[in-house]
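# Descriptive analysis of the structure
Here's the letter readout for the chains.
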Amino acid sequence: MREYVRMRNYLKDYLRIYAGNYRIKPPQIIILIFLLTLLILARVLEMDLVILFNESLVKLVMNGVLVLSLLPMLNAGAGMNFGMPVGITGGLVALCISVNFRLTGFTGFFMSLLLSLVVCGLFGWVYGLLLNRVKGREEIAGTFIGFSIIPLMNYFWTLAPFQNRQMLYPIGGQGLRPKISLDPYFSKVLDNFCLLKIGGFDIPLGLFAFYALICLFLYLFFRTRIGRATLAVGENEAFARLSGIDIAKIRLIAIALSTMLAGIGICVYAQSYGFIQLYDEPLSMAFPAISAVLIGGSTGRRAWIFEAVLGTYLLQTIYLLTVPLANEILIPELTEILRTFITYSIILYALLYRNRRGIVH
Amino acid sequence: MEKILEIKNLSKSYNGIPALKNVSISVRAGEIHGIVGANGSGKSTLMNIISGNPVIRETGGYQGEIIYRGSRLQVKNCAEIIRLGVGMVHQEFALIPDLTIGENIKLGREETCRFTDRLFGRKYSFIDRRRNNEIASQVLKRLGLDVDVGVKIIDLSTNTKQFVEIAREVARSDLKLLLLDEPTAVLSKSDALKLLEVLVGMSRGGLGILFISHRLEEVQYICDRVTVFRDGEVVSRYKKGEINVTKLAGDMVGHQVYKANAQKRSVKATPVLCFKKFSVKMPGEEIKSLDLTVYEGEILGLTGLSGHGKLALGYGLMGMYPVAGEVIFKGHKLDRMNARTNIMKGIYVLPDDRQALGILPEHSLAENIIFTGDQVKYLFSRNPLGFIDWKGAYGYVEQAVRDFEIKCSSPKQRVKELSGGNLQKVCIARALTVNPQLLFVAEPTRGIDIAAKEKILKMLIDINRSKGTTIVIATSELDELKRVCDRIAVLVKGRVFKILYPDSPDLEFGLALAGEEGANYEGIRQDEELPEGLPEDLCG
């Protein structure tokens, strides 16, 4: 017993030193156990683990930027961004414009990024103004802002004067299709850029470089003066106000930044996935992202880049493994059920955990 | 006499830093055992261990033995220890603000109607509100407090809240041991006295009490035995009769306490800050059309009973609450009460509530010290984006740590791990980075042990003398103001009632605080009796 405690303490110290103040909490333990079970099962069922590993790398970045987009808002004390659909629809508008002009390859992709920065900057600014008026209830307000922007944008998708026939409904020729293929334009343009093949392993270096760039940007952002003010506002708003910080401005910047990153995130997602998904699709995209950052060890009050990356990888790998496994040993429909169950129960856990802390301390 | 609690060779360390070393104490039935020690001497750790606070287990448990009424104590959480008959009163309030006094006192132990007891079982039975309130008000009367038990906690003053908190523990019939963590810290002296008498009465009835306090006179007054802690060790023990305030103080700090004292001097009456018909709408501390002039280079004290507005002045200047009226700083009118612009102009405010307003708990010591300088005056960075020049910043912080003797393991230590006195030093160090000409300090010594208290007062005097910073100290500690200030303004009902001097007689302070016009005090002889109804603690 004493040995065990000593070992545990040693392990904790080790983690503290090498991962900052990182501490393993129950959700990570559960997820890790789950992941290990899945891996063992996959091995027993003789699945090709190399292919699964390759896919997991792509999935990490595909969803990773969306998860990273939560950080500025979370650390500014504006809560988990349940209103992520705002940023996502902004990014979708940008993607549609690029496709409308038939931009291909990197031109198309970077044009979408640029446009989404513009569109999401605008969206984020309005979204920030709204959230500043509902301080303390950002999460629930964000959820409903997300819910209400979807039908609004549905009008836009059907009525906007897009010209590219490949985007429009084949019959009638008006209104965008729910699923627009990016194949002729910039599908997998990042995935296949600098793809390193070693044996059976495919390492998407270009994709990783892009992801690393976003991480680096956030890392540097939190070290700028505004970034430091953002952290301070999130941690102790009264203190920040007394120290002469313009709370509303800082929150606005953080929320706009989160929205812009969400826009970039959906561009990366779409090029990996190969399709632009419109209409009600963005509605549920916030939840896996929030779930990921929570699995990474965030308490839902603040989060670090490391937590976001770790959480995304764990969650996405689980998603990835459940598909073939469920197909093999259970009924195939179970996959989607399992995914949804994991996603939502983790958010629920975080909410429970956070509120309990609030009462105790 | 039966030993209720016996602690043998208790040791505890956090991350390898010892907090308690081989501590042994015991509490007998019917005894009040006092524990005194400076901040960071291990008193709170001891409390946390006995009360089963999960923090202890999370940080690796403790070594040693705790025997409670004959059997070894092994509790996993606070609820268990409460079931065993131990009551706790913490420094911070654990009351539910939206419930009434009566409901709070009987919370979880409500009397229920007998009829519905049988009908639905005790758990779902109706609460007999009348009987609850009766019992609650009886308990409060026993504590010498006459207040309507139907009032909500949120509407009570700090004093009354503390009494309700104690009443809740007293109301328990199964109480065997009571742990009190600085129960009188927020009370005025007369209220504290009332409370102490109740405690003595309770201990006569066979209750064991473990009493932690900073106020040494109280310890001398009520304790049967006293144990003095220093740096996690027991340094001395005294029995009733041997207890002596100076000896306790000496043991606590390990050396003679130096009392900060400012040289008397006369300050030229050049105004640096003028308030004209200034009002601040701070709930519970309102200022109403106040006129006050602060002279350049002086230390001005602001005092008054709680609720009369002494804390609101600084917050008002920083735009934390709505204000009205006019403020003239160095000949120019301040047209907007905005923290940023006012800090730029040279005004800085240190809050009274350090935990809530004074620090970024999760940030490091260094980040806390440089925060305002960095954010407002763009110090410590040399590029437009504001990346910090850490070499320069750490150099500055290390200098500050040395100058102010801030006890920390390194400038990277998280600030929430520091003790109250050190936190205050961090706050002052932060203020000095922006080099203010006018510094407002609210309750600078609240919740800080004596040795650190004097150091902080001395720091303030030094800053004033060496840098010429004008300092305004708002506090209820009259004795400290008298030692430090050049002038002392007494606030009554949100206005300056009178401006007195450190050498003004105590009687006059007392009268001013109570809002009594002592018109010409030459007429009142020093030995004359105080007017009736005047709280005695006001007269020092």
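Everything below is about the structure printed above this text.
Let me begin by describing the structure that accompanies this report. (Residues numbered from 1 in each chain as written. Chains lettered and ligands numbered in written order. Predicted model: local features only at pLDDT ≥ 70, side-chain atom pairs only at ≥ 80, totals over all residues.)

The partner chain B presents 24 residues to the 15 residues of chain A that form the contact. Contributing elements (two or more residues each) for the side of chain A that touches chain B: helix 9 (225-235) and helix 10 (237-242) of chain A. Classifying every residue of the side of chain A that touches chain B by side-chain character gives 6 nonpolar, 5 polar and 4 charged. (Contact = placed C-beta atoms within 7 Å. Helix = DSSP H or I, 4+ residues; strand = E, 2+ residues; numbered from the N terminus. Nonpolar A, V, L, I, M, F, W, Y, C, P; charged D, E, K, R; others polar.)

In regular strands, side chains alternate between the two faces of the sheet. Residues and elements named next belong to chain B. Across the 5 residues of strand 18 (residues 470-474), 5 count as buried, placing the element largely inside the fold. Residues Thr-470, Val-472 and Ala-474 point to one face of strand 18 and Ile-471 and Ile-473 to the other, with burial holding for every one of them. Relative to strand 18, strand 13 (residues 299-303) runs parallel, the two sharing 4 bridges. Looking at the pairing, Leu-302 lines up with Ala-474 of strand 18. Where strand 17 (residues 438-442) and strand 18 come together, 5 bridges link them in parallel fashion. By the bridge assignment for strand 18, Phe-440 is matched with Val-472. Handedness of the strand 17-helix 17 (residues 450-467)-strand 18 crossover: right-handed. (Buried ≥ 20, exposed ≤ 12 C-beta atoms within 10 Å, placed from the backbone. Pairing = 2+ DSSP bridges. Right-handed = clockwise from strand over helix to strand, strands pointing away.)

All names here are of chain B. In this structure, strand 3 (residues 32-37) lies alongside strand 9 (residues 225-230), joined through 5 bridges in parallel fashion. Paired with Gly-34 across the bridge in strand 9 is Val-226. Two successive antiparallel strands, strand 9 and strand 10 (residues 233-239), enclose a turn made up of 2 residues, where Asp-231 displays a positive phi of approximately 50°.

Once that is clear, we can look at the sheet that holds strand 14 (residues 323-329) of chain B. Residues and elements named next belong to chain B. Sheet architecture is open: 4 strands sit in the order 12-11-14-15, paired in antiparallel fashion. Where the open sheet ends on each side, the last strands, each with one partner, are strand 12 (287-295) and strand 15 (332-333). The pairing of strand 14 with strand 15 spans 2 bridges and is antiparallel. Bridging across to strand 15, Ile-328 finds its partner in Lys-333.

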